[in-house]
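# Working through the structure, step by step
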Amino acid sequence: MAIENLLLAVGPSDDERIEPLARTATDVAGPAGATVTLAHVFTREEYDDTADRLGFQDGDEVTPDAVARRHATIRDLGEHLSDAGVDYDVRGHVGEHGESIVEVADDVDADIAVVGGRKRSPTGKAVFGSTAQTVLLSAPCPVTFVRGDH
(Lines give C-alpha, C1' and ligand atoms only; values in the text may rest on other atoms or scores of the structure.)
Protein backbone atom coordinates (compact mmCIF):
# COMPACT_ATOMS: atom_id res chain seq x y z
CA MET A 1 0.00 0.00 0.00
CA ALA A 2 1.48 3.33 -1.04
CA ILE A 3 1.04 6.21 1.35
CA GLU A 4 0.34 9.47 -0.44
CA ASN A 5 -1.88 11.27 2.10
CA LEU A 6 -1.38 11.19 5.85
CA LEU A 7 -3.92 12.85 8.13
CA LEU A 8 -2.52 14.19 11.40
CA ALA A 9 -5.54 15.14 13.50
CA VAL A 10 -5.14 17.39 16.52
CA GLY A 11 -7.47 18.77 19.12
CA PRO A 12 -7.48 20.95 22.20
CA SER A 13 -5.01 18.97 24.33
CA ASP A 14 -2.53 17.97 21.65
CA ASP A 15 -0.25 20.92 22.38
CA GLU A 16 1.28 18.56 24.96
CA ARG A 17 2.02 15.93 22.28
CA ILE A 18 3.60 17.99 19.49
CA GLU A 19 6.98 16.22 19.53
CA PRO A 20 5.72 12.61 19.34
CA LEU A 21 3.00 13.51 16.83
CA ALA A 22 5.45 15.36 14.58
CA ARG A 23 8.01 12.57 14.84
CA THR A 24 5.43 9.91 13.93
CA ALA A 25 4.14 11.93 10.96
CA THR A 26 7.63 12.63 9.60
CA ASP A 27 8.75 9.02 10.13
CA VAL A 28 5.84 7.80 8.00
CA ALA A 29 5.32 10.62 5.49
CA GLY A 30 8.96 11.55 4.89
CA PRO A 31 10.23 8.29 3.37
CA ALA A 32 6.97 7.82 1.45
CA GLY A 33 7.03 11.33 0.01
CA ALA A 34 3.49 11.75 1.32
CA THR A 35 1.66 14.98 1.99
CA VAL A 36 0.46 15.52 5.55
CA THR A 37 -2.89 17.14 6.21
CA LEU A 38 -2.79 18.85 9.59
CA ALA A 39 -6.40 18.87 10.75
CA HIS A 40 -7.55 20.75 13.82
CA VAL A 41 -11.03 19.78 14.93
CA PHE A 42 -12.99 22.18 17.13
CA THR A 43 -16.33 21.82 18.85
CA ARG A 44 -18.55 24.86 18.17
CA GLU A 45 -17.64 26.37 21.56
CA GLU A 46 -13.90 25.72 21.06
CA TYR A 47 -14.07 27.27 17.59
CA ASP A 48 -15.82 30.43 18.78
CA ASP A 49 -13.46 30.81 21.77
CA THR A 50 -10.36 30.19 19.65
CA ALA A 51 -11.41 32.61 16.91
CA ASP A 52 -11.97 35.31 19.56
CA ARG A 53 -8.68 34.54 21.33
CA LEU A 54 -6.73 34.63 18.06
CA GLY A 55 -7.98 38.14 17.38
CA PHE A 56 -10.04 37.72 14.25
CA GLN A 57 -11.63 41.09 13.44
CA ASP A 58 -14.88 41.95 11.69
CA GLY A 59 -14.18 41.68 8.00
CA ASP A 60 -11.53 38.97 8.44
CA GLU A 61 -12.25 35.75 6.65
CA VAL A 62 -13.14 33.56 9.59
CA THR A 63 -13.29 29.95 8.45
CA PRO A 64 -12.32 26.76 10.24
CA ASP A 65 -9.26 26.51 7.94
CA ALA A 66 -8.18 30.08 8.80
CA VAL A 67 -8.62 29.52 12.54
CA ALA A 68 -6.68 26.24 12.34
CA ARG A 69 -3.81 27.89 10.41
CA ARG A 70 -3.37 30.48 13.19
CA HIS A 71 -3.55 27.94 16.03
CA ALA A 72 -0.22 27.47 17.85
CA THR A 73 -0.39 23.66 17.78
CA ILE A 74 -0.78 23.63 14.00
CA ARG A 75 1.97 26.23 13.52
CA ASP A 76 4.37 24.22 15.72
CA LEU A 77 3.59 20.97 13.91
CA GLY A 78 3.98 22.74 10.56
CA GLU A 79 7.44 23.96 11.58
CA HIS A 80 8.49 20.42 12.49
CA LEU A 81 7.20 19.09 9.16
CA SER A 82 8.87 21.89 7.18
CA ASP A 83 12.16 21.31 8.97
CA ALA A 84 11.93 17.64 7.98
CA GLY A 85 11.15 18.52 4.35
CA VAL A 86 7.60 17.14 4.52
CA ASP A 87 4.86 18.90 2.53
CA TYR A 88 1.68 19.68 4.41
CA ASP A 89 -1.59 21.53 4.21
CA VAL A 90 -4.00 22.63 6.93
CA ARG A 91 -7.66 21.89 7.46
CA GLY A 92 -10.00 23.07 10.17
CA HIS A 93 -13.30 21.43 11.00
CA VAL A 94 -16.11 22.19 13.43
CA GLY A 95 -18.03 19.32 14.99
CA GLU A 96 -17.66 16.47 17.43
CA HIS A 97 -14.01 15.44 17.53
CA GLY A 98 -14.16 11.74 16.62
CA GLU A 99 -16.79 11.97 13.91
CA SER A 100 -15.13 15.07 12.42
CA ILE A 101 -11.73 13.39 12.20
CA VAL A 102 -13.32 10.46 10.36
CA GLU A 103 -15.05 12.90 8.01
CA VAL A 104 -11.83 14.79 7.27
CA ALA A 105 -9.96 11.50 6.69
CA ASP A 106 -12.59 10.60 4.12
CA ASP A 107 -12.56 14.11 2.55
CA VAL A 108 -8.77 14.12 2.02
CA ASP A 109 -8.68 10.46 0.95
CA ALA A 110 -6.22 9.68 3.75
CA ASP A 111 -4.15 6.52 3.38
CA ILE A 112 -3.36 6.61 7.10
CA ALA A 113 -4.47 8.75 10.04
CA VAL A 114 -2.44 9.70 13.10
CA VAL A 115 -4.18 10.70 16.33
CA GLY A 116 -2.87 11.42 19.80
CA GLY A 117 -4.26 10.53 23.15
CA ARG A 118 -3.56 9.34 26.61
CA LYS A 119 -4.14 6.14 28.50
CA ARG A 120 -7.60 6.02 30.02
CA SER A 121 -9.31 3.56 32.29
CA PRO A 122 -12.27 1.60 30.90
CA THR A 123 -14.54 3.65 33.19
CA GLY A 124 -13.06 6.90 31.86
CA LYS A 125 -13.76 5.81 28.29
CA ALA A 126 -17.31 4.75 29.13
CA VAL A 127 -18.15 7.94 30.99
CA PHE A 128 -16.36 10.49 28.81
CA GLY A 129 -16.13 8.70 25.46
CA SER A 130 -12.94 8.44 23.50
CA THR A 131 -12.12 10.42 20.39
CA ALA A 132 -9.33 8.01 19.51
CA GLN A 133 -11.63 5.02 19.96
CA THR A 134 -14.19 6.55 17.59
CA VAL A 135 -11.49 7.19 15.00
CA LEU A 136 -9.93 3.74 15.41
CA LEU A 137 -13.28 2.04 14.88
CA SER A 138 -14.71 4.27 12.14
CA ALA A 139 -11.89 5.69 10.02
CA PRO A 140 -11.77 4.76 6.33
CA CYS A 141 -8.03 4.01 6.66
CA PRO A 142 -5.54 2.51 9.11
CA VAL A 143 -4.99 4.63 12.24
CA THR A 144 -1.82 5.12 14.28
CA PHE A 145 -2.42 6.08 17.89
CA VAL A 146 0.34 8.15 19.54
CA ARG A 147 0.25 8.09 23.32
CA GLY A 148 1.36 11.30 24.90
CA ASP A 149 1.96 9.94 28.39
CA HIS A 150 5.14 8.03 27.54
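Note that the structure is predicted; figures quoted are calculated from it, not measured.

Take the sheet that holds strand β2 (residues 35-42) next. Read across the sheet, five strands follow the order β3-β2-β1-β4-β5 without closing on themselves; strand pairing throughout is parallel. Of all strands in the sheet, those with a lone pairing partner are β3 (88-94) and β5 (143-147), marking the two edges. Each strand of the sheet is rotated relative to its neighbour by a mean of 25°, with strand direction disregarded. Relative to β2, strand β1 (residues 5-10) runs parallel, the two being bridged by six bridges. Considered in β2, the bridge of Asn5 is made with Thr35. Here helix α2 (residues 44-53) sits on the sheet in contact with β2 and β3, set at roughly 100° to β2.

Here the focus is the side chain of Ser100. Along the chain, Ser100 falls in helix α5 (residues 97-107). Looking at Ser100, the relative accessible area reads 3%, which means it is buried.

Let us now look at the packing of aromatic side chains. Tallied over the entire structure, the rule returns one aromatic pair. Sitting above the plane of the Phe56 ring, Arg70 keeps its charged end 3.8 Å from the centroid.

Counting residues in each nonpolar core, the largest one holds 27 residues, and the members touching the most others are Leu6, Leu8, Leu21, Val36, Leu38 and Leu77. Looking at this core, the elements with two or more residues in it are β1, α1 (18-32), β2, α2, α3 (64-70), α4 (72-83) and β4 (112-117). In terms of residue count, the dominant contributor to this core is α1 (five residues). The contacts of Val36, once residues within four sequence positions are left out, are Leu6, Leu8, Ala29, Leu81, Val86, Asp87, Tyr88 and Asp89. Grouped together as the second largest cluster of nonpolar side chains are 17 residues, Ile101, Ala105, Ala113 and Val135 included.

Let's shift gears to the side chain of Thr43. With respect to the helices and strands, the residue Thr43 is situated in the loop between β2 and α2. Ignoring any residue separated from it by four or fewer positions in sequence, one finds Thr43 in contact with Val94, Gly95 and His97.

Cut-offs used in this document
- Residues numbered from 1 in each chain as written.
- Predicted model: local features only at pLDDT ≥ 70, side-chain atom pairs only at ≥ 80, totals over all residues.
- Heavy atoms only, no water.
- Pairing = 2+ DSSP bridges.
- Helix = DSSP H or I, 4+ residues; strand = E, 2+ residues; numbered from the N terminus.
- Axes fitted to C-alpha atoms, helices over the stretch in contact; angles between N-to-C directions.
- Contact = heavy atoms within 4.5 Å.
- Buried < 20%, exposed > 50% of the residue type's maximum accessible area, 1.4 Å probe, protein only.
- Phe/Tyr/Trp six-rings, centres within 6.5 Å; stacked < 30°, edge-to-face > 60°.
- Lys NZ or Arg CZ within 6 Å of the ring centre and 35° of its normal.
- Core = buried A, V, L, I, M, F, W, Y, C linked by side-chain atoms within 4.5 Å.

Interpretation note: all reported values are geometric properties and have no functional meaning in isolation.
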